[in-house]
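Residues per chain, in single letters:
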Amino acid sequence: MKFLKSIIFFLFFFNSFVNAEEKKKINPSYTAGYMSNYIVNGVEENGGKGTPYFNIFIPLPKNIYFGAWTAEVDPSLYGGADHEIDYYLGYSDKFQNLIYDFGHTTYYYLGSSNEGQTFGEYTAKFNLSLSNFLTFGYDFAKTDQGDKTETINYYVNYRILKTNIKYNIGESENYSNFQTLSFGKTLSGVNIELTYIDTAMKTPDPNKDKDFLTLNISKTF
């Protein structure tokens, strides 16, 4: 309900302050998908089970964007909540071959009995294209409450034979180290990505120090 109220408030604000000409330039996109295992920073979020997910992305004037994303989560991790809804707001622009993005995401866990379960995260992302085939990236995130955990990701993406090959190495402060290798391809408008994930917790945990192989299938409308 809080999420729906936030969306309604945003749409009312948007309708009141954006002129009709600018509204014509706005074309939301929608992505529906399924992932065989929901993993964040190398750790399972849905008890090793797959989950469908849905995203709406709304580009606004002046390179600003707004959106919402949802998927299932493991109730044992989130105080009985079995669903996560995130909404995000940010600014993205480009300087020559560098794309930069600054934003904030709020994470809601619907029906959670854990006080303070909802939290936010500030993000900064940089993507440098050296050619039509090779891209380097750096992502930084920091939570906005509690211990204000920082997470960093470095990645390189190479495109060959219409296939994206991406290698990522990341670290979540005082929590986990992880690296991934993924292969992605688009067939008849459907995005298919196979990813290998290797996780090592900062405090060794045999239940979380794992290797994963995940499949993600999605389509954007």
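Refer to the structure presented above.
Below or above, wherever it landed, is the structure these notes cover. Remember, it's a predicted structure, so these values are computed and weren't measured experimentally.

Topic: the overall build of the protein
Moving on, step 1. When its secondary structure is counted, the protein shows 2 helices and 14 strands.
Moving on, step 2. Out of the 221 residues in the protein, the part that is buried amounts to 36%.
Moving on, step 3. Within the protein, contacts between residues separated by at least 24 positions form 38% of all contacts whose residues are at least 6 apart in sequence.
Moving on, step 4. Surface exposure of the protein reaches about 13300 Å², of which carbon and sulfur atoms provide 59%.

Some details on the nonpolar core
For soluble globular proteins, the rule of thumb is that nonpolar side chains tend to be buried together.
Moving on, step 1. Judged by nonpolar contacts, Met35, Tyr38, Tyr53, Trp69, Ala71, Val73, Tyr78, Ala81, Tyr107 and Tyr109 together constitute the single largest core of 10 residues.
Moving on, step 2. Listing elements by their share of this core, those giving two or more residues are strand 5 (64-72) and strand 7 (98-109).
Moving on, step 3. Dropping the residues within four chain positions of it, Ala71 is found in contact with Met35, Tyr38, Thr51, Pro52, Tyr53, His83 and Glu84.
Moving on, step 4. Counting residues in hydrophobic clusters, the runner-up holds 7 residues, among them Ile26, Leu60, Tyr87 and Tyr108.

Structural notes on the pairing of strand 9 (residues 134-143)
Both faces of the sheet carry side chains from a regular strand, because those side chains alternate between them.
Moving on, step 1. In this sheet, strand 9 lies alongside strand 8 (residues 119-129) in antiparallel orientation, the contact comprising 9 bridges. Paired with Glu121 across the two strands is Thr143, which belongs to strand 9.
Moving on, step 2. The hairpin turn running from strand 8 into strand 9, its antiparallel successor, is 4 residues long.
Moving on, step 3. The pairing of strand 9 with strand 10 (residues 150-160) spans 9 bridges and is classified as antiparallel. Within strand 10, the residue paired with Tyr138 across the bridge is Tyr154.

With respect to the sheet that holds strand 1 (residues 29-35)
Moving on, step 1. Spatially, the 12 strands close up into a barrel ordered 1-4-5-6-7-8-9-10-11-12-13-14, and their pairing is antiparallel. Taking the axes of each pair of neighbouring strands and ignoring which way they run, one obtains an average angle of 20 degrees across the sheet.
Moving on, step 2. Note that strand 12 (residues 176-187) and strand 13 (residues 190-201) share 12 bridges and pair antiparallel. Paired with Asn177 across the two strands is Ala200, which belongs to strand 13.

A short note on a nonpolar patch on the surface
Moving on, step 1. Together, Tyr154, Tyr167, Ile169, Leu181, Phe183, Leu187, Ile192, Leu194, Tyr196, Leu213, Leu215 and Ile217 make up a nonpolar patch on the protein surface, roughly 1000 Å² of accessible area in all.
Moving on, step 2. Those elements that provide at least two residues to the nonpolar patch are strand 11 (163-172), strand 12, strand 13 and strand 14 (211-220).
Moving on, step 3. One can find Phe183 in strand 12.

Considerations on the pattern of salt bridges
One side chain can pair with another of opposite charge once the charged atoms of both are near each other.
Moving on, step 1. The tally for this structure, following the rule as stated, stands at 3 salt bridges.
Moving on, step 2. With a shortest N-O distance of 3.5 Å, Lys142 and Glu150 are connected by a salt bridge.
Moving on, step 3. The partner of Lys202 in a salt bridge is Glu171, and the shortest N-O contact between them spans 2.7 Å. Of the two residues, Lys202 sits in the loop between strand 13 and strand 14 while Glu171 sits in strand 11, which places them 31 residues apart along the sequence.

As for the packing of aromatic side chains
Moving on, step 1. Under the counting rule described, the total for this entry stands at 13 aromatic pairs.
Moving on, step 2. For the pair Tyr65 and Tyr88, a centre-to-centre distance of 6.1 Å together with 55 degrees between the ring planes defines the contact as tilted. Of this pair, Tyr65 sits in strand 5 while Tyr88 sits in strand 6 (residues 83-95), and the two are 23 residues apart along the sequence. Of the two residues examined, Tyr65 and Tyr88, each falls in the buried class.
Moving on, step 3. Seen in terms of ring centroids, Tyr78 and Tyr109 are 4.0 Å apart; in terms of plane orientation they differ by 5 degrees. Their pairing is stacked. Taken together, the positions of Tyr78 in the loop between strand 5 and strand 6 and Tyr109 in strand 7 put the pair 31 residues apart, joining distant regions of the chain.
Moving on, step 4. By relative accessible area, which is 11% here, Tyr78 ends up buried.

About the cut-offs
- Residues numbered from 1 in each chain as written.
- Predicted model: local features only at pLDDT ≥ 70, side-chain atom pairs only at ≥ 80, totals over all residues.
- Heavy atoms only, no water.
- Helix = DSSP H or I, 4+ residues; strand = E, 2+ residues; numbered from the N terminus.
- Buried < 20%, exposed > 50% of the residue type's maximum accessible area, 1.4 Å probe, protein only.
- Contact = heavy atoms within 4.5 Å.
- Areas by Shrake-Rupley, 256 points an atom, 1.4 Å probe, with all protein chains shown as cover.
- Core = buried A, V, L, I, M, F, W, Y, C linked by side-chain atoms within 4.5 Å.
- Pairing = 2+ DSSP bridges.
- Axes fitted to C-alpha atoms, helices over the stretch in contact; angles between N-to-C directions.
- Patch = residues over 30% accessible without salt bridge, like charges linked within 9 Å, V, L, I, M, F, W, Y side chains within 5 Å.
- Salt bridge = Lys/Arg side-chain N within 4 Å of Asp/Glu carboxyl O.
- Phe/Tyr/Trp six-rings, centres within 6.5 Å; stacked < 30°, edge-to-face > 60°.

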